[in-house]
Amino acid sequence: MAVKLYEDIISQRMKAPRFKHSKNVAKEAVRLAKKYGADVEKAELAGILHDATKETGEKEQMELIAKAGIVLTEMERESPKLWHAISGSAFVQVVLGINDQEVIDAIRYHTTGRAGMTLLDKVIFIADFISADRDYEGVDRMRKITEKNLDDAVLEGMSFTIADLAQRKITIAPDTMAGYNELAAIRARAKKS
Ligand code: DGI
Ligand code: FE
Ligand code: FE
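Remember, predicted model here, so these are calculated numbers, not experimental data. (Residues numbered from 1 in each chain as written. Chains lettered and ligands numbered in written order. Predicted model: local features only at pLDDT ≥ 70, side-chain atom pairs only at ≥ 80, totals over all residues. Heavy atoms only, no water.)

**Examining the coordination of the iron ion (ligand 2)**
Stage number 1. All of the protein donors around the iron ion (ligand 2) are Asp 51 (OD), His 84 (NE2) and His 110 (NE2); their distances to the metal are 2.1 Å.
Stage number 2. One chain supplies every donor for the iron ion (ligand 2), spaced along it as D-x32-H-x25-H.
Stage number 3. For the pair the iron ion (ligand 2) and the iron ion (ligand 3), the metal-to-metal distance amounts to 3.5 Å, and Asp 51 bridges them. Here Asp 51 is found in the loop between helix H3 (40–49) and helix H4 (58–67), whereas its partner His 110 is found in the loop between helix H7 (101–108) and helix H8 (119–130), with 59 residues between them in sequence.
Stage number 4. You can call Asp 51 buried: its relative accessible area is 3%. (Donors = N, O, S within 2.8 Å, 3.2 Å for Na, K, Ca; no water. Helix = DSSP H or I, 4+ residues; strand = E, 2+ residues; numbered from the N terminus. Buried < 20%, exposed > 50% of the residue type's maximum accessible area, 1.4 Å probe, protein only.)

Below, the structure is given as structure tokens:
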């Protein structure tokens, strides 16, 4: 299976703890894909590769992004924490030759989310939040919500991230805000009816 090959490739690009995290995210993504009806193979692939460039130097990340033809917004350029999601999506295209847009997008938006998230986007976003290695305060709550409703979990995760970033006066990506607004509006409408 191709996933084994990809495991070997990324294990050489990161230290043991992050490799372990990547395997945990892939495992959780497979579980969520089965539970919520997403493509299981794509979930495993996007899960194992989602942080492929998290320990890659900034120069190499910028080269990957340029090679993939991606132009960063000014805000993205000024948020190095967001680069690995973008350069990761570039890496899987440019270096691994993956051309499945759903897999590419799930990696690209795994940190910020976005408006119009696909089921696979949501599976990877949440798998990253609740993988076995996560132990932040509130992870139990996230795991409980995830078992009931995936959209509620995504909204909860975005609200958690936005609150944390705002608290620390860090810029919030427009994609994060757009994803949050979309899901919050759907929830408000559902409550009214
Ligand atoms: O790569 P991981 O550590 O597994 O997790 P991740 O891809 O969710 O990255 C989390 C980091 O990204 C965390 O330090 C918060 C930051 N982050 C998430 N959303 C945003 C953000 N940073 C900025 N500037 N803006 C965002 O919208
Ligand atoms: Fe990440
Ligand atoms: Fe991650």
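**Concerning the coordination of the iron ion (ligand 3)**
Geometrically, a metal with four donors at the corners of a regular tetrahedron has ideal angles of 109.5 degrees, and one with six donors at the corners of a regular octahedron has ideal angles of 90 or 180 degrees.
Stage number 1. At this site the iron ion (ligand 3) is bound by His 21 (NE2), His 50 (NE2), Asp 51 (OD) and Asp 128 (OD), with donor distances of 2.2 to 2.3 Å.
Stage number 2. In the primary sequence, the donor residues of the iron ion (ligand 3) line up as H-x28-H-D-x76-D.
Stage number 3. Residue class for His 50 comes out buried when judged on its relative accessible area of 0%.

**Considerations on the packing of aromatic side chains**
Stage number 1. According to the stated counting rule, one finds four aromatic pairs in the structure shown.
Stage number 2. Note on Phe 129 and Phe 160: the rings are 6.4 Å apart at their centroids and 80° apart in plane angle, and the pair reads as edge-to-face. You can see Phe 129 sitting in helix H8 and its partner Phe 160 sitting in helix H10 (residues 150–167), a full 31 residues away along the chain.
Stage number 3. On the basis of relative accessibility, which here comes to 39%, the residue Phe 160 falls in the partly exposed class.
Stage number 4. On the numbers, 5.4 Å between centres and 45° between planes, the contact of Tyr 136 with Phe 160 is tilted. Of this pair, Tyr 136 sits in the loop between H8 and helix H9 (139–148) while Phe 160 is found in helix H10, placing the two residues 24 residues apart along the sequence.
Stage number 5. By the ring-pair criterion, three or more aromatic residues cluster together here, those being Phe 125, Phe 129, Tyr 136 and Phe 160. (Phe/Tyr/Trp six-rings, centres within 6.5 Å; stacked < 30°, edge-to-face > 60°.)

**Observations concerning the site of ligand 1**
Stage number 1. Residues in contact with ligand 1 amount to 18 residues; listed here are only the nearest, Lys 54, His 110, Thr 111, Arg 134 and Ala 173.
Stage number 2. In this structure, an oxygen atom belonging to ligand 1 sits 3.1 Å away from a side-chain N or O atom of Asp 51.
Stage number 3. Thr 111 is positioned such that a nitrogen or oxygen atom in its side chain is 2.6 Å from an oxygen atom of ligand 1.
Stage number 4. Taken by itself ligand 1 offers 580 Å² of open surface, and the protein chains cover 83% of this.
Stage number 5. Contributions of two or more residues to the shell around ligand 1 are made by helix H2 (16–36), helix H6 (80–94) and H10.
Stage number 6. Ranked by residue count, the leading element in the shell around ligand 1 is H6, at three residues.
Stage number 7. The residue inventory of the shell around ligand 1, partitioned by class, reads five nonpolar, seven polar and six charged. (Near = heavy atom within 4 Å. Polar contact = N/O pair within 3.5 Å; in protein donor to acceptor, adjacent residues only side chain to side chain. Areas by Shrake-Rupley, 256 points an atom, 1.4 Å probe, with all protein chains shown as cover. Nonpolar A, V, L, I, M, F, W, Y, C, P; charged D, E, K, R; others polar.)

**Concerning the pattern of salt bridges**
Stage number 1. One pass over the structure, following the stated rule, counts 19 salt bridges.
Stage number 2. A salt bridge links Glu 55 to Arg 18; the nearest nitrogen and oxygen atoms lie 3.1 Å apart. Taken as a pair, Glu 55 in the loop between H3 and H4 and Arg 18 in helix H2 lie far apart in primary sequence, 37 residues in all.
Stage number 3. When its relative accessible area of 34% is taken as the criterion, Glu 55 is described as partly exposed. (Salt bridge = Lys/Arg side-chain N within 4 Å of Asp/Glu carboxyl O.)

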